[in-house]
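Listed here are the chains, written in short residue letters.
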Amino acid sequence: MTERNHQELARLLDQARLEAREVPPLTRTHTDLPLRDAYAIQAEGLRLRTARGERVVGLKMGLTSEAKRKQMNLDSPVYGVLTDRMQVPAGGVLRLQGSIHPKIEPEIAFRTSRELRGRITREQALEACPVAFAAMEILDSRYVDFKYFSLPDVVADNSSSSMFVLGPTERPTRELDLKQLPMSMEVNGVQVQSALSSAISGDPLISVVQLCELLDQRGESLPAGSIVLAGAATAAHMLKPGDQVRLTVEGLGSVSVSVAA
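The following paragraphs examine the structure supplied in this document. (Residues numbered from 1 in each chain as written. Predicted model: local features only at pLDDT ≥ 70, side-chain atom pairs only at ≥ 80, totals over all residues. Heavy atoms only, no water.)

### Side note on the overall build of the protein
Argument step 1. What the protein contains, in helices and strands, is six helices and 13 strands.
Argument step 2. Computed over C-alpha atoms, the radius of gyration of the protein comes to 17 Å, within 12% of the 18 Å expected from 2.2 N^0.38 for 261 residues, which places it in the range of a compact globule.
Argument step 3. Reported as C-alpha extents along the three principal axes, the dimensions of the protein are approximately 50 × 45 × 35 Å.
Argument step 4. Scored against the burial criterion, the 261 residues of the protein give a buried share of 55%.
Argument step 5. Counting contacts in the protein only where the partners sit at least 6 residues apart, residues at least 24 apart contribute 76% of the total.
Argument step 6. Carbon and sulfur atoms provide 48% of the accessible area of the protein, an area that totals close to 11,100 Å².
Argument step 7. Taken as two groups, the 30 positive and 32 negative side-chain charges of the protein have centres that lie 2 Å from each other. (Helix = DSSP H or I, 4+ residues; strand = E, 2+ residues; numbered from the N terminus. Rg over C-alpha atoms; globule rule 2.2 N^0.38 Å. Buried < 20%, exposed > 50% of the residue type's maximum accessible area, 1.4 Å probe, protein only. Contact = heavy atoms within 4.5 Å. Areas by Shrake-Rupley, 256 points an atom, 1.4 Å probe, with all protein chains shown as cover. Lys, Arg positive; Asp, Glu negative; His and termini not counted. Charge placed at Lys NZ, Arg CZ, Asp CG, Glu CD.)

Quick look at the structure:
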């Protein structure tokens, strides 16, 4: 696949996102789309967004939980990019205007204090991620019905990332048992999802290790100051206007958001 193909497919997905319009999965017409080309399409889509003034603030890992992989019928982790315009303030209003299939999922996030490059160990990830937050990611997909598409489709569409919310409480990572944090997400006062943080890659810090490996395969690194969403602990929950969503993570407090049309 040529650079021109990457640009054309990136523009297709970008326009679908801007117009809140569904399109068929790319693999419907590009049946042998390699993952490397999917990441190139993702990167070209990001270039279109930064050209309009968006600023990269971090990355997200996707498909890190068994529940999430089963929900999407996919089988390995992927990453996407976060920009400043994707962030919703904690306790703020999440507007669904412009969304197609909005879903929300419970996560844990880190902020890096230094650049991470190449293959790293868990201890190196721990050293470089001194603080952790409760977080929620809002997913959306430009593909028809948000299901039954391939890993390259997901990656090309920025790994279905739409928006994110960071909790107001940050805690030193070394003070937490990251594998054993109970997580509970409520919608309108009713628990809809719960899990231990070990559902995220077995250990949320392993998501950072995996992210660095994926970036290294593309000759890239994880910059200092990056927000990293470690991945969902559970399957995602569909959103509708009027929903009040709250995630509570033991040791990291709660984060909430109100959903509006």
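Next comes the rest of the description.
### Quick look at the packing of aromatic side chains
The geometry of an aromatic ring pair is captured by two quantities: the separation of the ring centres and the angle between the planes.
Argument step 1. Considering all chains together, one arrives at one aromatic pair under this definition.
Argument step 2. Each ring, one from Tyr39 and one from Tyr79, has its centre 4.5 Å from the other, and the planes form 25°; the classification is stacked. In this pair, Tyr39 is assigned in helix α2 (residues 35-51) and Tyr79 in strand β2 (residues 78-83), connecting sequence segments 40 residues apart.
Argument step 3. Assessed through its relative accessible area of 2%, Tyr79 is described here as buried. (Phe/Tyr/Trp six-rings, centres within 6.5 Å; stacked < 30°, edge-to-face > 60°.)

### Focus: the nonpolar core
Argument step 1. In terms of nonpolar packing, the biggest core is built from 72 residues, with Leu94, Phe110, Val208, Leu222 and Val245 touching the most fellow members.
Argument step 2. Sort the elements by how many residues they give to this core and helix α6 (residues 204-217) lands first, with seven residues.
Argument step 3. Among the nonpolar cores identified, the runner-up in size contains eleven residues, and Met86, Ala109, Phe164 and Leu166 belong to it. (Core = buried A, V, L, I, M, F, W, Y, C linked by side-chain atoms within 4.5 Å.)

### Regarding the sheet that holds strand β12 (residues 244-249)
Argument step 1. Strand order across the open sheet formed by five strands is β3-β13-β12-β8-β9, with mixed pairing between neighbours. Either end of the sheet is taken by a strand with one partner, and the two such strands are β3 (93-95) and β9 (190-196). Looking at each pair of strands side by side, their axes are set apart by 20° on average, direction ignored.
Argument step 2. Note: strand β8 (residues 182-187) against β12, five bridges, orientation antiparallel. Residue pairing for β12: Glu186 is matched across the bridge by Arg246. (Pairing = 2+ DSSP bridges. Axes fitted to C-alpha atoms, helices over the stretch in contact; angles between N-to-C directions.)

### Quick notes on the pairing of strand β10 (residues 227-232)
Argument step 1. Along β10, six of the six residues are buried, which leaves the element largely enclosed by surrounding structure.
Argument step 2. Both strand β4 (residues 103-111) and β10 contribute to a ladder of four bridges, which runs antiparallel. In the sheet register, Glu107 faces β10, and the bridge partner there is Ala232.

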